[in-house]
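# Coordinates in review
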Amino acid sequence: MGTPQLDDDGSVVTLDLHGATVDEAIDMTYRTLRMAEDRGRSRLKLIHGSSTTVGRGKRTIKSALHDLLDRGELGSHATNVIRSQNSLVLALDLTASSDPTPIQLRDVQP
């Protein structure tokens, strides 16, 4: 299954949510989004997987994130959203000044 991973190159933050529960993934997504905006990152890439192994009616990380986007709860933070089979990429509004301090997984884990 794996564990969540985070990479911050100073411009793009990539958060791989594999191994997190749905609630943990949502919490980490919001925390990472806030920190990425505050530190002036241009994009947040959320790797959620394809969600093909869960039975009908069960919520997955992918479905939860797409639901938040559809309700405008994630997209309001982004100037553009790219949806793909295994990930979402949010292009962030660059109003914050750049802070080179890397975002780390321990900063965003619940």
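One structure accompanies this document, and this report is about it. (Residues numbered from 1 in each chain as written. Predicted model: local features only at pLDDT ≥ 70, side-chain atom pairs only at ≥ 80, totals over all residues. Heavy atoms only, no water.)

## Side note on the pattern of salt bridges
This is how it is decided: Only one rule defines a salt bridge in this text: a Lys or Arg side-chain nitrogen within 4 Å of an Asp or Glu carboxyl oxygen. A run of H or I in DSSP counts as a helix once it spans at least four residues, and a run of E counts as a strand once it spans at least two, with each numbered from the N terminus. Only protein chains enter the accessibility calculation, which uses a 1.4 Å probe. A residue is then buried if its area is under 20% of the maximum for its type, exposed if over 50%, and partly exposed in between.
Inspection of every chain in the model, using the stated rule, returns five salt bridges. Here Arg41 ties to Asp8 by a salt bridge, and the two come within 2.8 Å at their closest N and O atoms. Pair noted here: Arg41 is in the loop between helix H1 (22–38) and strand S3 (43–47) and Asp8 is in strand S1 (residues 5–8), with a separation of 33 residues, a long-range link. Here the two residues Arg41 and Asp8 agree in accessibility, since each one is buried.

## Quick word on the pairing of S3
Test applied: Any two strands with at least two DSSP-identified bridges between them are counted as paired. Note on handedness: a clockwise path from strand one over the helix to strand two, with the strands aimed away from the viewer, defines a right-handed crossover.
Of the two faces of S3, only the one carrying Leu44 and Leu46 is buried; Arg43, Lys45 and Ile47 on the other face are not. Where strand S2 (residues 12–16) lies against S3, five bridges are found, and the strand directions are parallel. The residue bridging Val13 from the neighbouring strand is Leu44, located in S3. Read from S2 through H1 to S3, the crossover connection turns out right-handed. Here five bridges tie S3 to strand S5 (residues 87–92), and the two strands are oriented antiparallel to one another.

## Things to note about helix H2 (residues 61–70)
As a reminder, the rule being used: The contact criterion used throughout is that any non-hydrogen atoms of two residues lie within 4.5 Å.
Here H2 lies mainly inside the structure; seven of its ten residues are buried. Among the structural elements, H1, S3, strand S4 (78–83) and S5 are those in contact with the buried residues of H2.

## Topic: the environment of Arg39
Operational definition: Under this definition, polar contacts are N or O atom pairs within 3.5 Å; protein pairs additionally need one hydrogen-donor-capable and one acceptor-capable atom, and for neighbouring residues in sequence, both atoms have to be side-chain atoms.
Along the chain, Arg39 turns up in the loop between H1 and S3. Here Arg39 falls in the buried class, since its relative accessible area comes to 15%. Between the C-alpha atom of Arg39 and that of Pro100, which follows or precedes it by 61 residues, the distance is 7.2 Å. Ignoring anything within four residues of it in the chain, the contact list for Arg39 reads Ser97, Ser98, Asp99, Thr101, Pro102 and Ile103. At 3.2 Å, the side chain of Arg39 and the backbone oxygen of Pro102 are in polar contact.

## Focus on the packing of H1 against H2
Note the following rule: Between N-to-C directions, angles cover 0 to 180 degrees, with each direction set by a line fitted to C-alpha atoms, over the stretch in contact for helices. Working definition: roughly parallel below 35 degrees, roughly antiparallel above 145 degrees, roughly perpendicular at 65 to 115 degrees, and oblique for all remaining angles. Each crossing is labelled by how the near helix is turned from the far one, with a counterclockwise turn of less than a right angle marking it left-handed and a clockwise turn marking it right-handed. All amino acids are sorted into three groups, where Ala, Val, Leu, Ile, Met, Phe, Trp, Tyr, Cys and Pro are nonpolar, Asp, Glu, Lys and Arg are charged, and the leftover types, Gly among them, are polar.
Between H1 and H2, whose axes approach to 9 Å, the crossing angle comes to 45°. Here H2 runs oblique to H1, going by the angle between their axes. In terms of crossing hand, the pair formed by H1 and H2 is right-handed. On the side of H1, the interface is formed by Val22, Ala25, Ile26, Thr29 and Tyr30, while H2 contributes Ile61, Ala64, Leu65 and Leu68. When the residues that make up the contact of H1 with H2 are grouped by side-chain class, the tally is eight nonpolar, one polar and no charged.

## Side note on the nonpolar core
One recurring pattern in soluble globular proteins is that nonpolar side chains are buried together. Quick reminder of the rule: Put simply, buried Ala, Val, Leu, Ile, Met, Phe, Trp, Tyr and Cys residues joined by side-chain atoms within 4.5 Å make one nonpolar core.
One finds Leu65 and Leu90 to be the most contacted residues of the largest nonpolar core, which totals 27 residues. Among the secondary structure elements, those contributing two or more residues to this core are S2, H1, S3, H2, S5 and helix H3 (105–108).

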